[in-house]
Protein chains: 2
Amino acid sequence: MKTETTIQGLSASLSPARSARKIIGFVPTMGNLHEGHLNLVREAKKICDVVVVSIFVNPIQFGPNEDFDSYPRTLEQDSHLLADVGCDIIFAPSVEQMYGNKPRLTNISVSDITNDLCGLQRPGHFDGVAVVVTKLFNIVQPNYAFFGEKDYQQLAVIRQFVRDLNIPLEVIGVPITRAKDGLALSSRNGYLSAEHRAIAPTIYQSLTAAEQQLHSGVSLAEVLENMKQKLTQAGFIVDYVEARTPELQKIEAFDQDVVLFVAAKLGKTRLIDNLQVKHTA
Amino acid sequence: MKTETTIQGLSASLSPARSARKIIGFVPTMGNLHEGHLNLVREAKKICDVVVVSIFVNPIQFGPNEDFDSYPRTLEQDSHLLADVGCDIIFAPSVEQMYGNKPRLTNISVSDITNDLCGLQRPGHFDGVAVVVTKLFNIVQPNYAFFGEKDYQQLAVIRQFVRDLNIPLEVIGVPITRAKDGLALSSRNGYLSAEHRAIAPTIYQSLTAAEQQLHSGVSLAEVLENMKQKLTQAGFIVDYVEARTPELQKIEAFDQDVVLFVAAKLGKTRLIDNLQVKHTA
């Protein structure tokens, strides 16, 4: 496994694979890797000849009061984990390598599907994601790019701009990896106190309870209200509990496949999760 | 020479060249070709193995009161001209092929350098250019892309987003092709009446006169004022006469290289031109 910190170095490392027209897989991350990321790499290994994992904490997707500075940087540990799952190349550029010294004037924005859910609390966040992911796609030029379904809205935004801009690659969504108690794995779980960590699985419990209620005929509005209550009673500050179609359109009743979304805070730590509930007519 | 009307067809046509790692050149146009366009193709032929010319009148870069519907579509004539200069593949997609049936939610905007000059009179124009050019870049995946310096601001915008987004190609600007009387070639020249066509070269005359005045020590402000007067007296409605640095920053005095910009109307026809004036210390 190689580690490249410059665009030029990465291009040189990928050049033989590109010349041989090997299948290149790409897993963009912000590092501080957990089993969820490693599962993305494992999926990539199944269908790609060469797997590139980027580790880059992207400043422009963090809001002014968010955790950019404190976001954990754990490159050495991440490298060991990635070597173990067969990653071929780590791309770990500096902020300067990615954004240069001249001001960036270009923005990419995706309308409509970024206006609510996490977009509401994090203005500019998805623009920052769209810009950095587009840059990374252009640098790596992979055949396949792998993203976790935990950041479902992010995955939908990426699918959208890839289609709208004809970016020549296929986006692959990988199901959420969960701890044994159901908590969706996230780098931010590390911020949780022991007490909060014990409460955190309530999110997934609320999602699976909601799924059961939907299948037993409880109305969508009531199900969402029940989730909010359950989370609030457990000690969460609820950002949102919402239902959307798989394409993130609003939905009033459980008359088609639905995705349930939760964002909620425990102390200063904001956790998100989602569950796809199939409609069986 | 092949003509492809679908993305799939183009990809198939380019596949052997891509596999053989040939150098692919790309000249995006809106058709209605003139010597200016053909010179772009000639430049491309010099350094590329395969030259693709796209012909696509891009609806999203036209304002509601602009000439999208009446913009001349002359594919057959264009094809003959392109065959003569050695174009290898024409890519002439439909609007549906480029934009599909689902709504486009993604926008690309370049700030600062799009705020004035043509950006002022044509809100959204450069966003439309950025989106379609990015799409075409992703479809064609060329090594080099060629643009005329006549649309200087457009060229600057394209250079900017190519750099900001790490698009893996080199942008090449090609000097303006002029009629013998100095008029910059443009598809829109065809809209001019005989009377207006006779007046039109005043634009270039005003630019070269300005260059001489600058070199003989007349202040930049006075030079710009002289240009405006000359054009107005000739019968133009002046949109703007402006000076900028080559990177499109405002400039108060001729103390470095400067680009002079004109946009002016004759009847309903809006003409633009520019001249780069070197500063020799």
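Quick note: structure is the one above.
Each value, and the rule that gives it
- Residues numbered from 1 in each chain as written.
- Chains lettered and ligands numbered in written order.
- Predicted model: local features only at pLDDT ≥ 70, side-chain atom pairs only at ≥ 80, totals over all residues.
- Heavy atoms only, no water.
- Salt bridge = Lys/Arg side-chain N within 4 Å of Asp/Glu carboxyl O.
- Helix = DSSP H or I, 4+ residues; strand = E, 2+ residues; numbered from the N terminus.
- Buried < 20%, exposed > 50% of the residue type's maximum accessible area, 1.4 Å probe, protein only.
- Core = buried A, V, L, I, M, F, W, Y, C linked by side-chain atoms within 4.5 Å.
- Contact = heavy atoms within 4.5 Å.
- Axes fitted to C-alpha atoms, helices over the stretch in contact; angles between N-to-C directions.
- Parallel < 35°, antiparallel > 145°, perpendicular 65-115°, else oblique.
- Left-handed = near helix turned anticlockwise from the far one by under 90°.
- Nonpolar A, V, L, I, M, F, W, Y, C, P; charged D, E, K, R; others polar.
- Pairing = 2+ DSSP bridges.
- Phe/Tyr/Trp six-rings, centres within 6.5 Å; stacked < 30°, edge-to-face > 60°.
- Lys NZ or Arg CZ within 6 Å of the ring centre and 35° of its normal.

**Considering the pattern of salt bridges**
Tallied over the entire structure, the rule returns 24 salt bridges over all chains. In this structure, R197(B) and D181(B) form a salt bridge, with 3.0 Å as the shortest nitrogen-oxygen distance. Taken together, the residues span a long stretch of sequence, with R197(B) in helix α8 (residues 194-199) and D181(B) in the loop between β7 (170-174) and α8 at a distance of 16 residues. Judged by its relative accessible area of 36%, D181(B) is partly exposed. Three or more residues joined by partner-sharing salt bridges are found here, namely D116(A), E242(A) and R244(A).

**Some details on the nonpolar core**
Residues F137(A), F161(A), F137(B) and F161(B) are the most contacted members of the largest nonpolar core, which totals 95 residues. The contacts of F161(A), once residues within four sequence positions are left out, are V110(A), A130(A), V133(A), T134(A), F137(A), I167(A) and T106(B). I199(A), L220(A), M227(A) and L271(A) belong to the second-largest nonpolar core, a separate cluster that totals 26 residues.

**Quick notes on the packing of helix α9 (residues 202-215) of chain A against helix α10 (residues 220-234) of chain A**
Packed helix pairs are specified by the crossing angle of their axes together with the interaxial distance, meaning the distance between the axes. Residues and elements named next belong to chain A. It is the contact of α9 with α10, at a shortest axis distance of 10 Å, that shows an interaxial angle of 155°. Looking at the two axes, α9 sits roughly antiparallel to α10. Of the two possible hands of crossing, α9 and α10 adopt the one that is right-handed. Taken together, the residues of α10 that come into contact with α9 (itself represented by T202, I203, Q205, S206, L207, A210, Q213 and L214) are L220, V223, N226, M227, K230, L231 and A234. In the contact of α9 with α10, the residues fall into nine nonpolar, five polar and one charged.

**A closer look at the pairing of strand β10 (residues 269-277) of chain B**
Residue and element names in this part refer to chain B. Along β10, eight of the nine residues are buried, which leaves the element largely enclosed by surrounding structure. Taken together, the nine bridges between strand β9 (residues 258-266) and β10 define a ladder with antiparallel strand orientation. By the bridge assignment, L266 is partnered in β10 with T269. The hairpin turn running from β9 into β10, its antiparallel successor, is two residues long, and G267 in that turn takes a positive phi close to 60°.

**Description of the environment of L10(B)**
All names here are of chain B. Structurally, L10 can be placed in helix α1 (residues 7-19). L10 sits in the buried class, given a relative accessible area of 0%. C-alpha of L10 to C-alpha of T74: the two residues are 64 residues apart in sequence and 20 Å apart in space. In contact with L10, not counting residues within four places along its chain, are E4, V52, I89, F91, I139 and V140.

**As for the packing of aromatic side chains**
Per the stated rule, a full pass over the model turns up twelve aromatic pairs over all chains. Relative to F68(A), the ring of F62(A) lies with its centre 5.4 Å away and its plane at 65°, an arrangement referred to as edge-to-face. Taking 5.8 Å as the distance between ring centres and 75° as the angle between the ring planes, the aromatic pair formed by F62(B) and Y71(B) counts as edge-to-face. This pair shows no difference in class: F62(B) is buried, exactly as Y71(B) is. Feature note: the residues F26(A), F137(A) and F147(A) constitute an aromatic cluster, connected by ring pairs. Directly above the ring of F68(A) sits R73(A), whose terminal nitrogen or CZ lies 4.8 Å from the centroid.

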